[in-house]
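Chain residues, written in single-letter form:
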Amino acid sequence: MKEIKNALVVDNKLISPNIYSMTLDIKDIAQKAKAGQFVNLYCKAESRLLPRPISICEIDKEKGRIVLVYGVVGKGTEEFGNIKRGESIEVLGPLGNGFMIDETKRKNIIVGGGLGTPPLVELVKHLKGEVDVYLGFRSQAMLIEEFEKIGARVHIATDDGLEGFKGNVLELLKNNNAVGDIIYSCGPKPMLKAVAGWAKNNNIPMQVSLEERMACGIGACVGCVCKVKEKDEQDWQHKKVCKDGPVFWSDEVVWDE
Ligand SMILES: Cc1cc2nc3c(=O)[nH]c(=O)nc-3n(C[C@H](O)[C@H](O)[C@H](O)COP(=O)(O)OP(=O)(O)OC[C@H]3O[C@@H](n4cnc5c(N)ncnc54)[C@H](O)[C@@H]3O)c2cc1C
Ligand code: FES
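About the thresholds
Residues numbered from 1 in each chain as written. Chains lettered and ligands numbered in written order. Predicted model: local features only at pLDDT ≥ 70, side-chain atom pairs only at ≥ 80, totals over all residues. Helix = DSSP H or I, 4+ residues; strand = E, 2+ residues; numbered from the N terminus. Expected span 1.5 Å × (residues − 1). Buried ≥ 20, exposed ≤ 12 C-beta atoms within 10 Å, placed from the backbone. Arc of directions from axis to C-beta. Contact = placed C-beta atoms within 7 Å. Domains from an automatic or database assignment. Nonpolar A, V, L, I, M, F, W, Y, C, P; charged D, E, K, R; others polar. Near = placed C-beta within 6 Å. Core = buried A, V, L, I, M, F, W, Y, C linked by C-beta atoms within 7 Å. Pairing = 2+ DSSP bridges. Right-handed = clockwise from strand over helix to strand, strands pointing away.

Draft legend 1. Representation of helix α6 (residues 189-201) in the model. In this model, α6 (13 residues) spans 18 Å end to end at C-alpha, consistent with the 18 Å of a helix rising 1.5 Å per residue. Those residues of α6 that sit buried are M191, L192, V195, A196 and A199. Down the axis of α6, the smallest arc covering the buried residues is 130 degrees, so these residues share one side. Facing away from the buried side of α6 by more than 90 degrees, the exposed set consists of P190 and N201. Structurally, α6 contributes buried residues whose contacts are with β8 (107-113), β9 (130-137), α5 (169-175), β12 (182-186) and β13 (206-209). Backbone geometry just after α6 places N203 at a positive phi near 55 degrees.

Draft legend 2. Broad picture of the domain arrangement of the chain. What the domain assignment reports for the chain is domain 1 (5-95) and domain 2 (107-252). Here the C-alpha centre of domain 2 lies 21 Å away from the C-alpha centre of domain 1. Contacts between domain 1 and domain 2 engage 19 residues on the former and 18 residues on the latter. Of all elements in the fold, only β1 (5-16), β3 (38-41), β4 (52-55), β5 (58-60) and β6 (65-71) reach the threshold of two or more residues within the side of domain 1 that touches domain 2. Grouping the amino acids of the side of domain 1 that touches domain 2 by side-chain chemistry returns 13 nonpolar, five polar and one charged.

Draft legend 3. Inspection of the site of ligand 1 at higher detail. Taken together, 21 residues form the shell around ligand 1, and within it S55, Y70, G74, G76 and T77 come nearest. Secondary-structure elements contributing two or more residues to the shell around ligand 1 are β4, β6 and α2 (75-81). A total of four residues in the shell around ligand 1 trace back to one element, the largest contributor, which is β4. Residue classes in the shell around ligand 1 are distributed as 11 nonpolar, five polar and five charged.

Draft legend 4. Expanded view of the nonpolar core. Counting residues in hydrophobic clusters, the biggest one holds 73 residues, and the most contacted among them are I66, L68 and V124. Both domains that meet at this core, namely domain 1 (5-95) and domain 2 (107-252), each give it at least three residues. With residues near it in sequence (within four places) discarded, I66 still touches L24, I26, I29, A30, A33, I56, E58 and I59.

Draft legend 5. Geometry of the pairing of β9. Buried residues dominate β9, accounting for seven of its eight residues. Across seven bridges, β8 lies against β9 in parallel orientation. The partner of G112 across the bridge, within β9, is L135. As defined by bridge partners, β9 adjoins strand β10 (residues 153-158) across six bridges and the pair is classed as parallel. The partner of G136 across the bridge, within β10, is A157. Viewed along the sheet, the connection from β9 through helix α4 (residues 144-149) into β10 turns out right-handed.

Given below as structure tokens:
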């Protein structure tokens, strides 16, 4: 049974407009965590009881630390942005299943969109073979250095063309004639759905990390279900994104709803 723990905030810095990188000293979670899992962060304000799910961006098992990269979008994340180094925050995790890493694949394609990019950094550290990272943003890219430091080739698309290719990440994949043995992806659902269609046409297996609104984050409230089917089957069932996911094979997800 997981317990809510108090983590020391080692750092909490603005890395891009409205985007923060928070480093937490929390040995227990760092030791167990794997790429693609998330934590629940708790607000101090009593009016905000529900935890906020945030993916683990990087894990340092030696130092017992994790890094979270989050955007300020509402009251909860605004509160997190005001936390100072040296303060503490309540956190529960690691939660969810994480990516199913296949070390036999020689050509890995990573596809990230906006605030879905952070969990892909830790993932790339564990891949063998070549890694091409395709990232799509509205206007401003982030985390490029983090990927390049690990030896990945990074390709950027922005909607307004301010950085990299002008267009979306699917157009960028097509424009670059991307080829790979597997795709790992995280981002907004319409992006995941579009890339999943391209992956299917190109016979490339793909894992997607889904994001649903969550309440408990631990499988107790059924607030985060998605429709999932067995490969090549028609019948679907509800699965909990927080507990059975957030990572699924793209051909198991029922996209049309
Ligand atoms: C598995 C998972 C991983 C995530 N990882 C990241 C990450 O690494 N970086 C990042 O910036 N964001 C991430 N998100 C989104 C993040 O959880 C929301 O942006 C955040 O909860 C918004 O809280 P808020 O109080 O600022 O916004 P509000 O809109 O005020 O939130 C109101 C309520 O809705 C819930 N909520 C709002 N948006 C979301 C959302 N997209 N997903 C789930 N619950 C939501 C909140 O938890 C809260 O209970 C992730 C979401 C999920 C499900
Ligand atoms: S958020 Fe409660 S079951 Fe997933």
